[in-house]
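So you can see what is in the structure, the chains are spelled out below.
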Amino acid sequence: MPIKFPFSRRRPGPTDAWTKCPDCEQQVFNRQLERNHRVCPHCGHNFRMSIGERIDLLLDEGSFVERDAGLESVDPLGFFDQKPYPDRLEAARVKTGLREAAVWGTGSVSGRRVAIGLFDFRFMGGSMGSVVGEKIARCFEAALVERIPAVIVSASGGARMQEGTLSLLQLAKTTAPLVRLDAAGVPFISILTDPTTGGVLASFASLGDVILAEPKALIGFAGARVASGTVGEELPEGFQTAEFLLEHGLVDLVVPRAELRVTLGRLLALLPPAAVEEGWDDDERRWGPIGVLSGIAEKLGGAVSETVGLDVEGEPTAGNGRSPERAAEQTLERER
Amino acid sequence: MPIKFPFSRRRPGPTDAWTKCPDCEQQVFNRQLERNHRVCPHCGHNFRMSIGERIDLLLDEGSFVERDAGLESVDPLGFFDQKPYPDRLEAARVKTGLREAAVWGTGSVSGRRVAIGLFDFRFMGGSMGSVVGEKIARCFEAALVERIPAVIVSASGGARMQEGTLSLLQLAKTTAPLVRLDAAGVPFISILTDPTTGGVLASFASLGDVILAEPKALIGFAGARVASGTVGEELPEGFQTAEFLLEHGLVDLVVPRAELRVTLGRLLALLPPAAVEEGWDDDERRWGPIGVLSGIAEKLGGAVSETVGLDVEGEPTAGNGRSPERAAEQTLERER
Amino acid sequence: MTELVSSSQAPSAEQADAAWQRVQRARHPERPRTLDLVPRIFDDFVELHGDRLFREDPAIVGGPALLEGRPVMVIGHQKGNDTDSNIFRNFGSAHPEGFRKAQRLMRLADKLGLPVITFLDTAGAFPGPAAEERGQAEAIASSIKLMTGLQVPVVAVVLGEGGSGGALAIGVGDEVLALENSVYSVISPEGCASILWRSPEAAPIAAAAMRMTAEDQHELGIVDSIIDEPGEGAHTDPGATATAIKAALLASLARISRLDTETLLATRYARLRGIGVYRESDVGPRAALDEPSLRRRIGRLLHLPGVPRRPRWSEIWPSGDDNNDSERGA
Amino acid sequence: MTELVSSSQAPSAEQADAAWQRVQRARHPERPRTLDLVPRIFDDFVELHGDRLFREDPAIVGGPALLEGRPVMVIGHQKGNDTDSNIFRNFGSAHPEGFRKAQRLMRLADKLGLPVITFLDTAGAFPGPAAEERGQAEAIASSIKLMTGLQVPVVAVVLGEGGSGGALAIGVGDEVLALENSVYSVISPEGCASILWRSPEAAPIAAAAMRMTAEDQHELGIVDSIIDEPGEGAHTDPGATATAIKAALLASLARISRLDTETLLATRYARLRGIGVYRESDVGPRAALDEPSLRRRIGRLLHLPGVPRRPRWSEIWPSGDDNNDSERGA
Ligand SMILES: [Zn+2]
Ligand SMILES: [Zn+2]
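Nothing here was measured: the structure is a model prediction, and the numbers come from that model.

(A) Broad picture of the overall build of chain C. Helices and strands together make up the secondary structure of chain C, namely 13 helices and nine strands. The proportion of buried residues among the 330 residues of chain C is 69%. In the structure as shown, chain C presents an accessible area of about 10,200 Å², 50% of it carried by carbon and sulfur atoms.

(B) Broad picture of the overall build of chain A. Along chain A, the regular secondary structure elements total 14 helices and twelve strands. For chain A, the proportion of its 336 residues judged to be buried stands at 64%. Of the contacts made within chain A by residues no fewer than 6 positions apart, 68% connect residues no fewer than 24 positions apart. Of the roughly 11,600 Å² of accessible surface on chain A, a fraction of 51% belongs to carbon and sulfur atoms.

(C) Layout of the interface of chain A and chain C. If you look at the interface, chain A gives 34 residues, while chain C gives 30 residues. Summing both partners gives a buried area of about 2,500 Å² for chain A against chain C, and 53% of it is carried by carbon and sulfur. Put simply, chain A and chain C have five salt bridges between them. Where Lys111(C) meets Asp209(A), a salt bridge forms, and the shortest distance between an N and an O atom there is 2.7 Å. In this assembly, chain A and chain C are joined by 14 residue pairs in polar contact (both at pLDDT 80 or more).

(D) Fine view of the coordination of the zinc ion (ligand 2). Residue and element names in this part refer to chain B. Bound to the zinc ion (ligand 2) are the protein donor atoms Cys21 (SG), Cys24 (SG), Cys40 (SG) and Cys43 (SG), situated 2.2 to 2.3 Å from the metal. For the zinc ion (ligand 2), the four donor atoms in the first shell make angles of 106 to 113 degrees at the metal, a pattern classed as tetrahedral. Between consecutive donors of the zinc ion (ligand 2), the numbers of intervening residues give the motif C-x2-C-x15-C-x2-C. Linking Cys24 in the loop between β1 (18-20) and β2 (27-29) with Cys43 in the loop between α1 (30-35) and α2 (51-58), this pair joins segments that are 19 residues apart in sequence. Residue classification places Cys24 among the partly exposed positions, given a relative accessible area of 26%.

(E) Here's a closer look at the coordination of the zinc ion (ligand 1). Residue and element names in this part refer to chain A. Summarising the metal site, the zinc ion (ligand 1) is bound by the protein donors Cys21 (SG), Cys24 (SG), Cys40 (SG) and Cys43 (SG), whose distances to it range over 2.2 to 2.3 Å. Viewed at the metal, the four donor atoms of the zinc ion (ligand 1) are separated by angles of 107 to 114 degrees, and the geometry they form is tetrahedral. Mapping the donors of the zinc ion (ligand 1) onto the primary sequence gives the spacing C-x2-C-x15-C-x2-C. One end of the pair, Cys24, is in the loop between β1 (18-20) and β2 (27-29); the other, Cys40, is in the loop between α1 (30-35) and α2 (51-58), with 16 residues separating them in the sequence. We classify Cys40 as buried; its relative accessible area is 2%.

(F) View of the confidence of the model for chain C. Residue and element names in this part refer to chain C. With 83% of its residues at a pLDDT of at least 70, chain C reaches an overall mean of 87. Counting interchain partners and residues more than four positions distant, the pLDDT-below-50 stretch residues 1-6 has 17 contacts. Note on residues 304-330: pLDDT is under 50 here. Beyond four places in sequence and across chains, it has 95 contacts. At the level of chain-chain contacts, confidence expressed as ipTM amounts to 0.87, with global pTM at 0.87.

(G) Geometry of helix α2 (residues 34-41) of chain C. Residues and elements named next belong to chain C. Every buried residue of α2 is accounted for by Thr34, Leu37, Val38 and Ile41. Looking down the long axis of α2, one finds its buried residues gathered within 110 degrees of arc, a one-sided arrangement. Along its buried surface, α2 packs onto β1 (44-45), β2 (60-67), β3 (70-77), β4 (116-122), β5 (154-163) and α11 (238-256).

(H) Representation of the nonpolar core within the structure. Of all hydrophobic cores here, the largest spans 296 residues; its most connected members are Phe204(A) and Phe204(B). Residues within four places of Phe204(A) in sequence aside, it is in contact with Phe119(A), Met128(A), Ile136(A), Phe140(A), Ile152(A), Ser154(A), Thr174(A), Thr175(A), Leu178(A), Phe188(A) and Ser190(A).

(I) Geometry of the pattern of salt bridges. This model, assessed by the stated rule, comprises 87 salt bridges over all chains. Between Glu134(A) and Lys173(A) there is a salt bridge whose closest N-O contact spans 2.8 Å. Taken together, the residues Glu134(A) in helix α4 (residues 130-146) and Lys173(A) in helix α6 (residues 170-184) connect sequence positions 39 residues apart. Residue Lys173(A) is classed as buried on the basis of its relative accessible area, which comes to 1%. The structure contains a network of salt bridges with shared partners spanning Asp68(A), Glu134(A), Arg138(A), Glu141(A), Lys173(A), Arg273(D) and Glu280(D).

(J) Looking closely at helix α6 (residues 136-149) of chain D. Here α6(D) is 14 residues long and its end C-alpha atoms lie 20 Å apart, about the 20 Å a rise of 1.5 Å per residue gives. Buried residues dominate α6(D), accounting for 14 of its 14 residues.

(K) Fine view of the domain arrangement of chain A. Residue and element names in this part refer to chain A. Taken as a whole, chain A is organised into domain 1 (15-47) and domain 2 (48-274). On the domain 2 side, the residues contacting the seven residues of domain 1 number nine residues. Of the roughly 670 Å² buried where domain 1 meets domain 2, counting both sides, 45% is carbon and sulfur surface. On inspection of domain 1 and its partner domain 2, the count reaches five residue pairs in polar contact (both at pLDDT 80 or more). Tallied by class, residues from the side of domain 1 that touches domain 2 come to two nonpolar, two polar and three charged.

(L) Local environment of the environment of Gly63(C). Residue and element names in this part refer to chain C. Checked against the element boundaries, Gly63 lands in strand β2. Residues Gly63 and Gly276 lie 213 residues apart in sequence; the distance between their C-alpha atoms is 33 Å. Ignoring any residue separated from it by four or fewer positions in sequence, one finds Gly63 in contact with Phe45, Val46, Leu48, Val72, Met73, Val74 and Leu105.

Cut-offs used in this document
Residues numbered from 1 in each chain as written. Chains lettered and ligands numbered in written order. Predicted model: local features only at pLDDT ≥ 70, side-chain atom pairs only at ≥ 80, totals over all residues. Heavy atoms only, no water. Helix = DSSP H or I, 4+ residues; strand = E, 2+ residues; numbered from the N terminus. Buried < 20%, exposed > 50% of the residue type's maximum accessible area, 1.4 Å probe, protein only. Areas by Shrake-Rupley, 256 points an atom, 1.4 Å probe, with all protein chains shown as cover. Contact = heavy atoms within 4.5 Å. Buried area = accessible area lost by both parts, 1.4 Å probe. Salt bridge = Lys/Arg side-chain N within 4 Å of Asp/Glu carboxyl O. Polar contact = N/O pair within 3.5 Å; in protein donor to acceptor, adjacent residues only side chain to side chain. Donors = N, O, S within 2.8 Å, 3.2 Å for Na, K, Ca; no water. Tetrahedral: all angles 85-135°; square planar, octahedral: opposite > 155°, others 65-115°. pLDDT = per-residue confidence, 0-100. Arc of directions from axis to C-beta. Core = buried A, V, L, I, M, F, W, Y, C linked by side-chain atoms within 4.5 Å. Expected span 1.5 Å × (residues − 1). Domains from an automatic or database assignment. Nonpolar A, V, L, I, M, F, W, Y, C, P; charged D, E, K, R; others polar.

Shown next, in the form of structure tokens:
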């Protein structure tokens, strides 16, 4: 699987071809589309973007460094519907040139360093399984440790069915770090793009300190068909669009793509991580009494990288098989 | 003004007279009404209660001890409408036998000690001016210091116009202690009786950890006439009743008067103040670093009773003329 | 402070006229509103929207801004400038979702250590049935409660009408400033007149009786400082008005930023706790609480127990040496 | 844990039948619901109502209760027992206000130091337009977030259907228990079948493929312990079911109450953080964060910074010496 920096891959297809706009139905020259941030020059329709295009749109040139590119999905349930889950994964990899539906890394926006995660909807509908959840969680944790803002650009159909409740629990895994970001005063800006639905919207994506959305993006918890089908009601106009959510107080701003980079930069300037008090260097003062565990942590030495789960390699492991507590206890036992 | 324990005064009028129920229009024998917690035996209508009757209804017999009975309203604005504010106060005192619209003290419910405040609507519509606000604030502070639950039985038309913004600011004065009760894990149970509106509802009364309401009590922010007049809309059925608020998620329970004492007792058993951790006796651990001020506080000695405003006597004083900071600074200056 | 306790007498016709003139200036249709002033006071501002619960309420606006290059959170009532915008803004009278948006922004400020600056300009919280259904009283109450505990400096500026609970809901500050022609009252003068004089036409008398002008509020200790307006009022020169507000805000923040978190909260608590005028005589048992330790007692009353440690904003807002706190309280 | 990674193959007809039988038992119309079990498990219980924002949602119930004389906060989905009560309860599918009520009760538990016990029994959060308008996704997300940071022990019990985000919204626990015939899944088997098999009739196959039975969930590490049901299922003896749940709760709380606040939060975080199965190879730059101090790094990741100090619940819930934590995680 020798795919490196997969996000930089351009979408397949010749750039001199034409694409038909689904909104105004006009033909748009692909090269023109790319120059225009994939916005239809005729009607303003926002075409979906690849992760590489999104990075070009938002980040300072050349500033992005991917992290944890080696994370790969396995098939924990042995899931088979019409075809095996591993085959679906392989097909998605071939189709997109990506290893998974999300990428995270660090970069800068107008010179301000951020931890940023990005989704590509083309990879199995941007669905969140163990790997996507792990990447988002690591992105938040990096923001916490470095005290830099976190930014996530979502585009997802929700949790990945093929990993069952392991996917469902990614909602909690990706949300738990946000409590720590709050306590530490580190901002999180959530950017919702077309489409953001299901479990991704029902977890971190709805919890940004600021939530930006792209015009007309489909954003909702349940599919619109489900919503109308369930109750037999007619749906209100613009249901589940970014503008609908703005009106209902659920997003802060609907930002045209051409302004997204500037708006993000302004927000990062206006909402910096909290100033660190004098006692910052003093763990006891800033973080409260660390108690037993951190005492243990000091003794851990080389075991630490395992306990925080940052670079477990090789064979697939269930993360919860190696809780920090367990590792710490083992270390203590070894010492006794 | 030699009125002592005014709350124990019975309402004027002979007990062998009859009262017409405003709901079912039947005549009710007064003695029967009192025996029945002032609930109409024919239709269940809840007549308003005096503070003394309310104490009898809720507290263990003989357990109530009034605090700060000596607080008296003055006329800070020199307010005169059809007659001077002091005359209105005097008339209310004569009419009700109360010194003010609220009383607070300590007592017990099923043996559990509480700090309790009670309103009498007959005293200028239970309106909240400086004295009522002061009593409620002291009630909460006593609950905090003693770590006992706070209970307030509201019946009020809102802030008292005759004291202008001094009354308005009582909303903040009575609410500020609740932040401390939250942090200390001390519960507050708010009981809404007919009627609770305006500034009292828009402050502490809406912020109970649990909010109980009496059946059919009028509870609302603005008067129903205002509400319909402003927008020319027809009001929904049962608008601003206790039952309406229950449906709209704004109160926890509508409790018939006959069950109120038992319900309150059960809640107090189920929601005790938070257990105090080992470090309770250690100010530094429990309360965080007390910092400059508490260092000063230690030096205050006799000045402390003034600084916390618990027993300033005699001449009317504007409370904010004696902030703890100011007193502390003065003490320090004297020492220098 | 004994001058506060004057003997009651009906306001004179002159007093009523003078008070009513202030009310009319405070309500002047061309008076600069929050969004007129914000770009003139701040270097940058991004308006955020929504309570994350029910609806975006345009009657209250807010978002982060830069004041002399330093980040703050700005929140204000927003009236319109004409019929259409007034309908859109509901004449600056917020529904519960407006106050809940404000709370969300305050929590964000608290998280990031940004001082909160609020602009008061409302006839009051909207009293319609929909507002009642969605908990108007709860929204105001919880907003007040939140402000009393914010671990960042809070400065409130009364721009025009400071109308009752709807104003106070975003008006609890470490310092409260007021424009010269602003008013602040527990109820609208018309409402007061309807109830006490049984005639809304007595509004000017009620306005005088409630002592709702900025000067009166300053005398009462509700307002800490008055900001002079240019010429005939703020509407004649919004730019100069903004400059005056900016200078006052900078002075306020410099004063407040001297305090560390504990002292800030203790001072704010003491400020609110001390508002009110009353007599206390020695009737009945004294309020001798069962409290073993004097030190602990005062510590508990003044200090927020168990608060998380927060960044010191003195680093964001270095204290100036100007204006001592002579204007505060008594 | 390598047994988790089996080679993919379609579920057999037997597997589908077995899984479907469990789904049907979990959905049995006579299966005891939260309010059937609460009086059998707890000594006293007062149901509280309302989100204090918009509406009382009968699809979620909750309030304080006494478990063996000690106070706890109980929150659960509530299905009906017949058509009328199911309509009233919206078949146990909550609107945003249900989750917001749950959050309010959890905050109260957090304030008072009461352990939180939740009962999961829902096909899922309600997906109707009104729920979307009022922020169904936000309500679920903020509920999950709140639970991950509660400074009190949290035990979740899957009673019947653990349906997706609507279940997880009140299902983040320090321990997660499940009744023998309960199920837990990321999407309903019908929904999964519709999408992946393009036919809702494939629901039994989808149920088997998603491994949604309590045993499967235990194997996957999502469920910590399984509570045996009497006879043919819980509906045959609600009393015995309640007794079994009570015993399991007491054992859970005894285990969890050993931890002090810091350790509790660190352990819960580690538990959630560790969920997921993946391979990690050495492609691309390593995740070497710019972090000076190893100690601070692990401290920051595991410990909630700046949390207020809280009462220790070991005083409320003294730790027992029974059942070591051999059932936890791997
Ligand atoms: Zn187009
Ligand atoms: Zn009657």
